[in-house]
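Breakdown of the fold
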Amino acid sequence: TEAIIAQKAPYPVDVSAGRKYFWCACGRSAKQPFCDGSHEGTGITPLAYTAEADRTLYFCGCKQTGKAPLCDGRHNAL
Ligand code: FES
Ligand code: FES
């Protein structure tokens, strides 16, 4: 099974240094951009990401990024 597009734009999130986030790689979560367990049965698993600093990050919403879990601009070509 393949990742589906949650939205063709990133999700800005204010992350906290040292905190771990689980990015939804499958596109099925209702709590985008993070995993809510809806990947079950797809064979896709979330990607753990630990923030290094307090800042705003842009998590990929299209799930096609080459720099997961962050947006690399690829959504512009969709
Ligand atoms: Fe998408 Fe868990 S719901 S990876
Ligand atoms: Fe996926 Fe930008 S939202 S690459």
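Everything quoted here is computed from the prediction, not taken from an experiment. (Residues numbered from 1 in each chain as written. Chains lettered and ligands numbered in written order. Predicted model: local features only at pLDDT ≥ 70, side-chain atom pairs only at ≥ 80, totals over all residues. Heavy atoms only, no water.)

**A closer look at the nonpolar core**
In this structure, Val13, Val15, Tyr21, Trp23, Phe34 and Phe59 are the most contacted members of the largest nonpolar core, which totals 14 residues. Of all the elements in the fold, those that place two or more residues in this core are strand E1 (11–15), strand E2 (20–23) and strand E4 (55–59). When residues no more than four places from it in sequence are discounted, the contact partners of Val13 are Pro33, Phe34, Arg55, Thr56, Leu57 and Phe59. (Core = buried A, V, L, I, M, F, W, Y, C linked by side-chain atoms within 4.5 Å. Buried < 20%, exposed > 50% of the residue type's maximum accessible area, 1.4 Å probe, protein only. Helix = DSSP H or I, 4+ residues; strand = E, 2+ residues; numbered from the N terminus. Contact = heavy atoms within 4.5 Å.)

**Thoughts on unusual backbone geometry**
Note that the residue after Gln32, namely Pro33, is joined by a cis bond; omega there is 5°. Residue placement: Pro33 occurs in the loop between E2 and strand E3 (47–50). Cis geometry marks the peptide bond from Ala68 to Pro69, where omega comes out at 10°. Phi is positive for Lys63, close to 70°, though the residue is something other than glycine. Judged by its relative accessible area of 8%, Lys63 falls in the buried class.

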